[in-house]
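Residue-level structure breakdown
Take a look at the letters that make up each chain.
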Amino acid sequence: MISVVILTKNPGRRIEEVLTSVFMQKVEDKIEVIVIDSGSTDNSLDIVNKFDVRLIKINPKDFGHGRTRNYAVSLCKGNYIVMLVQDAIPVDENWLSELVKPLKKSANIAGVYSRQIPYKEAKIMEKSFLSYKYPDKEATRNKKNILNIKDVFFSNVSSSMRKDLLMAFKFDENLIMSEDQQWAKTVIENGYNVFYNPKSVVYHSHNYSLTTVFKRFFDSGVALKNLELINAGNYKDGLAYLCYEMRYCLKTSGVVNFSIYLPYLTLYELMRISGFVLGQNYKKLPRFLLKKFSFHKYYWD
């Protein structure tokens, strides 16, 4: 059996597209779908209830990226656990089979994650970021003498993991986010591999405002600082991405449009980088700023 876990809070009508695609998947295994909602106030739960899912409601105060996923795992009956976020739509009917196939082929693979491609309405910066992070070439991440941030990249936007290993190596409940990369780091350190399969694809992107991108990357900086990876704040890697982004934007938009995008792109990157750097140095900041800068305000209560 495969257990598909979706965490929700006010997902809107897109949850209908997500669930419709999940139930269209072509797999030999039985599927159970568990939706854990942390306080939706829109009409999304009416939509969820139209599907054959197990709906669990929790208090918003009890939510945590690691904590809620650990709770979900304890409810699952499947041998394989699939994590999917509320706004990631599987692109085709092979998304799930491709996501669990590597787990079935090799006992040494602990987890697999999907390729993410942007929605049509995504901003060019988001398209560039996803193109950079999720190429069309598969990759295996395994143990090295010293692990860096690239070695443990993993995403619970759309992922599959073995239940026995999720029970043995639980998500860190003390992290503000990046519980997926923490888990990948742990299993890799224990001799397992994680696998990126670009044949399993979901639509997923966000059109962040300048304020939101600052907060999102502030939290990322906090989380990766606590993972204690050697180059979580490597400026050479950051510069390499900026060069990639400039080339991507120029190539896809043309010279004229690129000149129009450039001022906003500059502001966007300044907010992203400053948020991340401040997050990496969050221990030096006064407490009242932490909650102000963070997207996940509950974490600081």
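Now for a quick tour of the structure. (Residues numbered from 1 in each chain as written. Predicted model: local features only at pLDDT ≥ 70, side-chain atom pairs only at ≥ 80, totals over all residues. Heavy atoms only, no water.)

1. Topic: the overall build of the protein
Let me state the cut-off plainly: Helical segments are the DSSP runs of H or I of at least four residues, strand segments are the runs of E of at least two, and each set is numbered from the N terminus. Radius of gyration here is computed from C-alpha atoms only, and the compact-globule reference equals 2.2 Å multiplied by the residue count raised to the power 0.38. Using a 1.4 Å probe on the protein chains alone, a residue whose accessible area is under 20% of its type maximum counts as buried, one over 50% counts as exposed, and one in between counts as partly exposed. In these tables, accessible area is a Shrake-Rupley quantity obtained with a 1.4 Å probe, and a residue counts as shielded only by the protein chains included in the view. Think of it this way: Lys and Arg go in the positive column, Asp and Glu in the negative one, and His and the chain ends go nowhere. To locate a charge, take NZ of a lysine, CZ of an arginine, CG of an aspartate or CD of a glutamate.
When helices and strands are tallied, the protein shows 10 helices and nine strands. Its C-alpha atoms give the protein a radius of gyration of 19 Å, within 12% of the compact-globule value 19 Å for 301 residues. Taken along the three principal axes of its C-alpha coordinates, the protein extends 50 × 40 × 40 Å. Counting across all 301 residues of the protein, residues that qualify as buried make up 53%. For the protein, the exposed area adds up to about 14,700 Å²; of that, 53% sits on carbon and sulfur atoms. Once the 43 positive and 31 negative side-chain charges of the protein are each reduced to a mean point, those two points are 4 Å apart.

2. Side note on helix α1 (residues 14-22)
The condition is simple: By arc we mean the arc of the directions from the helix axis to the C-beta atoms, nothing more. In what follows, a contact means two residues having at least one pair of non-hydrogen atoms within 4.5 Å.
When α1 is considered as a whole, its buried residues turn out to be Ile15, Val18, Leu19, Ser21 and Val22. In an axial view of α1, the angular spread of the buried residues amounts to 160°, which keeps them on one side of the axis. Packing partners of the buried residues in α1 comprise β1 (2-8), β2 (31-37), α2 (44-48), β4 (80-85), β5 (89-90) and α4 (95-105).

3. Describing the nonpolar core
Here is the rule: Side-chain atoms within 4.5 Å are what join buried Ala, Val, Leu, Ile, Met, Phe, Trp, Tyr and Cys residues into a set we call a nonpolar core.
Core analysis: the largest hydrophobic core is formed by 47 residues, its most contacted members being Ile36 and Trp183. Among the elements that take part in this core, helix α9 (residues 235-280) stands out by supplying five residues, more than any other. Once residues within four sequence positions are removed from consideration, Trp183 is found in contact with Ala110, Gly111, Phe154, Met161, Leu165, Leu166, Phe169, Lys170 and Phe171. By size, the runner-up hydrophobic cluster in this structure holds 31 residues, among which are Val4, Ile15, Val157 and Phe195.

4. Remarks on the pattern of salt bridges
Our working definition: Throughout this description, the term salt bridge denotes a Lys or Arg side-chain nitrogen within 4 Å of a carboxyl oxygen of Asp or Glu.
Under the definition given, this model contains nine salt bridges. The shortest N-O distance in the salt bridge between Arg13 and Glu16 comes to 2.8 Å. For Arg69, the salt bridge identified is with Glu179, shortest N-O distance 3.6 Å. One end of the pair, Arg69, is in helix α3 (residues 65-75); the other, Glu179, is in helix α7 (residues 179-189), and 110 residues separate them in sequence. One exposure class covers both Arg69 and Glu179, and it is buried.

5. A few points about unusual backbone geometry
The backbone of Asn10 sits at a positive phi, close to 50°, despite the residue not being glycine. Within the fold, Asn10 resides in the loop between β1 and α1. If you check the backbone angles, Ser178 has positive phi at about 65° while not being a glycine. Mapping Ser178 onto the fold places it in the loop between α6 (163-168) and α7.

On their own, these measurements won't tell you what the molecule is for.
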